[in-house]
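# Structural characterization, general
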Amino acid sequence: MQERFEICPTDELPPGERTIVELRGHSIGVFNVDGEYHALKNDCPHQRAPLCKGKVTGTTSAAEPGDVEWKDDGKILRCPWHGWEFDIATGESVFNPHRVRARSFDTAVEPSSEDDNSAATATDGCDCGVNIEGDEPPVDTYTVDVEDEQVVVYL
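Criteria and thresholds
Residues numbered from 1 in each chain as written. Predicted model: local features only at pLDDT ≥ 70, side-chain atom pairs only at ≥ 80, totals over all residues. Heavy atoms only, no water. Helix = DSSP H or I, 4+ residues; strand = E, 2+ residues; numbered from the N terminus. Contact = heavy atoms within 4.5 Å. Areas by Shrake-Rupley, 256 points an atom, 1.4 Å probe, with all protein chains shown as cover. Pairing = 2+ DSSP bridges. Axes fitted to C-alpha atoms, helices over the stretch in contact; angles between N-to-C directions.

### Observations regarding the overall build of the protein
Check the secondary structure of the protein and you find 0 helices and 9 strands. In the protein, the succession of α and β elements from N to C terminus is β-β-β-β-β-β-β-β-β. Considering only contacts within the protein whose residues lie at least 6 apart along the sequence, 49% involve residues at least 24 apart. Surface accessibility of the protein: about 10,400 Å² in total, with carbon and sulfur atoms responsible for 44%.

### Quick word on the pairing of strand β6 (residues 68-78)
In terms of strand pairing, strand β5 (residues 55-62) meets β6 through 7 bridges, oriented antiparallel. Looking across to β6, one finds that K55 is bridged to R78. Of the strand pairs in this sheet, β6 and strand β7 (residues 85-87) are connected by 3 bridges, and their pairing is antiparallel. Residue pairing in the sheet places R78 in a bridge with E85 of β7. In textbook terms, the turn of a hairpin is the stretch between consecutive antiparallel strands, and for β6 and β7 this stretch comprises 6 residues, one of which, G83, has a positive phi near 80 degrees.

### Re the sheet that holds strand β9 (residues 149-154)
If you walk across this open sheet you meet the 6 strands as β1-β9-β8-β4-β3-β2, and the pairing is antiparallel. Edge positions in the open sheet fall to β1 (4-9) and β2 (18-23), since each of these has one partner strand only. Averaged over all pairs of adjacent strands, the angle between strand axes in this sheet comes to 30 degrees, irrespective of strand direction. As defined by bridge partners, β2 adjoins strand β3 (residues 26-33) across 6 bridges and the pair is classed as antiparallel.

Below, the structure is given as C-alpha cells:
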C-alpha cells in the first residue's frame, strides 16, 4: 500500500515551479507543469546527481537533418551535472526512454486532511419552491468554497 504525504497547498506551488522535500529518507522533487503535478526522485540514474535541482526546459527534435524544432517547453528536466534530459511527467529519458528513466511517483490534488468536509444542509422550515409566484421560480443558493487543496505524493 502506498503511503500518502501532503506536500503543500496548491497556491504555494504555481505553474512552472518546483519544491524538493524529504519523504521517508528520500529526496523528492514535486513539479507543477501547466497545473499538473508530478514527482520525481531527486536522483539522476546516470551518476546520482541531484536531478530535481536541474533546469526545467524543453528539448529539440529532428524529423530529418536540418529540420530541428523546439518542443515540450517547461516539461523537460535537465540534469545539472551532465545534461541528461528527462520527461517530468513520466521520468523517461529523452535520449532512451525505453531503458533509462528517473523514478517517478503518483501525485494528486486533494482537499487538506484538516478541512471540514461536512455537507451543507437546508434550513428547517424551508419552503423549497412549493409556492411559486411570478415568472422566476425561487432558488436557494449556498456558498461553496474549495479550501486548502494540497499537492499529495504517494510513495
